[in-house]
Amino acid sequence: MLAEVHLPRQTKQETVDRGDFDRFMVPNYAPAAFIPVRGEGSRLWDQSGRELIDFAGGIAVNVLGHAHPKLVSALTEQAHKLWHVSNVFTNEPALRLARKLVDATFADRAFLCNSGAEANEAAFKLARRVAHDRYGEEKYEIIAALNSFHGRTLFTVCVGGQLKYSDGFGPRIEGISHVPFNDLAALQNAISDRTCAVVLEPIQGEGGVLPAERSYLEGARTLCDQFNALLIFDEVQTGVGRTGELFAYQHYGVEPDILTSAKSLGGGFPIGAMLTREGLAKHLVPGTHGTTYGGNPLGCAVAEAVFDLVRDQALLDGVKQRAEQFKSRLGQMAEQYGVFNEIRGLGLLIGCALSDGWRARAKEILNAAAGQGLILLQAGPDVLRFAPSLIVSEADKVEGLARFERTLMLLTRAAD
Ligand SMILES: *Cc1c(COP(=O)(O)O)cnc(C)c1O
């Protein structure tokens, strides 16, 4: 009957499973065998109702865990008011967020976008634009660190220090060179009057949770000043409380000219920001750069709520305390099981470097942990990475670490 044709679709959602990933999605990821469907705090539940503890936080994103009530209400309140207006208009959440970011940092100006790659893209374009306007056509070279990661757009992937990620996509963006991280002499050799920017992660995240040495960042600052190059800190992974300071540069006491933030900034809602000084910002006049969604009210309302919570000194002190607790338990496990022999990082960005007999087995260990109900990350094949919620509860921390210990116990027993 005709009437039936117009009946609304069933409201019950169609079931999907992991096999649908292989059927319908571009195969650029290799997701886990289970599908998370719900999260609360540091716990996740999959389709079968199995509960897992989440020490990965969506790759250092869910800085306040899952479904934090204040973030849920910021999102839903804004959802009832206004989602999107484009940059033909400005909007209140964007202005409040920008003011807060500027007030809390070295920066005078903010550019809002939707991801880490976009924040870096804006940073690199700004650096080239400033050099072009001030010094002319010849000054466009960017120096980055080997093993760094700055995103997956063509420009950002070419700046990143893993050539294999930019192989096979046609000609690379020109004028980019890479130097070993934490090697000031190498940077000194590479920098010249043609350098427009040096970009560094204060802690290399994807590259293995490797913190910069203070003297390295200080030296980079001095060299940049000497050669009229801008110093860019990519704090996409280290920013917004992750290290126990609002931004990692505040640990080091070295100020960049441009800082990029994303991941934790939205606590799980996609947003990015590039922060810079007045005299640099003025080079991005109307028409030079932009993004349709960047600075949308929905994302900014959530990010503002994240920022209000994370900026709190008690929360940041809590990160330092939790970091000590994690590191001391992990230290015991390192001694007892020998799977990893170095624990590094700052705050709640922690890397455990695998010992000789366990090299290249990070993925296998992650899978074993998931079997014990624990979600971890790797940072390359040789490093296990922990990036838990900054407010992970005592109970979840203890239980998650116990599950990790069970994983190590099973793996080492199997190896005997
Ligand atoms: C994740 C990350 C990026 C890329 O961010 P996306 O949001 O994935 O584009 C850039 N830089 C660093 C340091 C990162 O950790």
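All values reported here derive from a predicted model rather than from experimental measurement.

Got a minute to help me understand the overall build of the protein chain in this structure?
Across its full length, the protein chain holds 16 helices and 17 strands. The dimensions of the protein chain, computed from C-alpha atoms along their principal axes, are 70 × 60 × 45 Å. Buried positions account for 50% of the 416 residues belonging to the protein chain. Look at the contacts in the protein chain between residues 6 or more apart in sequence, and 71% of them connect residues 24 or more apart. Of the roughly 19500 Å² that the protein chain leaves accessible, carbon and sulfur atoms contribute 54%. Looking at charge distribution, the protein chain has the averaged site of its 42 positive side-chain charges lying 2 Å from that of its 49 negative ones.

I would appreciate a short explanation of the site of the ligand in the present structure.
Around the ligand, the neighbouring residues are S115, G116, A117, N120, F149, H150, G151, E201, D234, V236, Q237 and K263. Here G116 contributes a backbone N or O atom positioned 2.8 Å from an oxygen atom of the ligand. Between the ligand and Q237, the relevant distance is 2.8 Å, taken from an oxygen atom to a side-chain nitrogen or oxygen of the residue. Alone, the ligand offers 380 Å² of accessible surface; in the complex the protein occludes 81% of this. Counting residues per element, the shell around the ligand draws most heavily on helix α6 (residues 116–135), which supplies 3 residues.

Looking at this model, I keep getting lost on the confidence of the model for the protein chain. Mind explaining?
Low pLDDT means the predicted coordinates in that region are not meant to be read closely. Scored by pLDDT, the protein chain comes out at a mean of 96, with 97% of its residues at no less than 70. Looking across the protein chain, the model is least confident in helix α1 (residues 2–5), with a mean pLDDT of 52, and most confident in strand β10 (residues 230–234), with 99.

What am I meant to see in the environment of L126 here?
Looking at the element boundaries, L126 is found in helix α6. Taking the C-alpha atoms as reference points, L126 and L230, separated by 104 residues in sequence, lie 9.8 Å from one another. Once residues lying within four places of it in the same chain are set aside, the contact partners of L126 are I258, M274, T276, L280, H283 and L284.

How should I be thinking about the pairing of strand β7 (residues 195–200) in this particular structure?
The side chains of a regular strand alternate, first on one face of the sheet and then on the other. The buried fraction of β7 is high, at 6 of 6 residues. With 3 bridges connecting them, strand β5 (residues 141–145) and β7 associate as parallel partners. From the neighbouring strand, E141 faces β7, where its bridge partner is T195. As paired elements, β7 and β10 share 4 bridges and run parallel to each other. The residue of β10 that forms the bridge with V199 is I232.

Thresholds applied
Residues numbered from 1 in each chain as written. Predicted model: local features only at pLDDT ≥ 70, side-chain atom pairs only at ≥ 80, totals over all residues. Heavy atoms only, no water. Helix = DSSP H or I, 4+ residues; strand = E, 2+ residues; numbered from the N terminus. Buried < 20%, exposed > 50% of the residue type's maximum accessible area, 1.4 Å probe, protein only. Contact = heavy atoms within 4.5 Å. Areas by Shrake-Rupley, 256 points an atom, 1.4 Å probe, with all protein chains shown as cover. Lys, Arg positive; Asp, Glu negative; His and termini not counted. Charge placed at Lys NZ, Arg CZ, Asp CG, Glu CD. Near = heavy atom within 4 Å. Polar contact = N/O pair within 3.5 Å; in protein donor to acceptor, adjacent residues only side chain to side chain. pLDDT = per-residue confidence, 0-100. Pairing = 2+ DSSP bridges.

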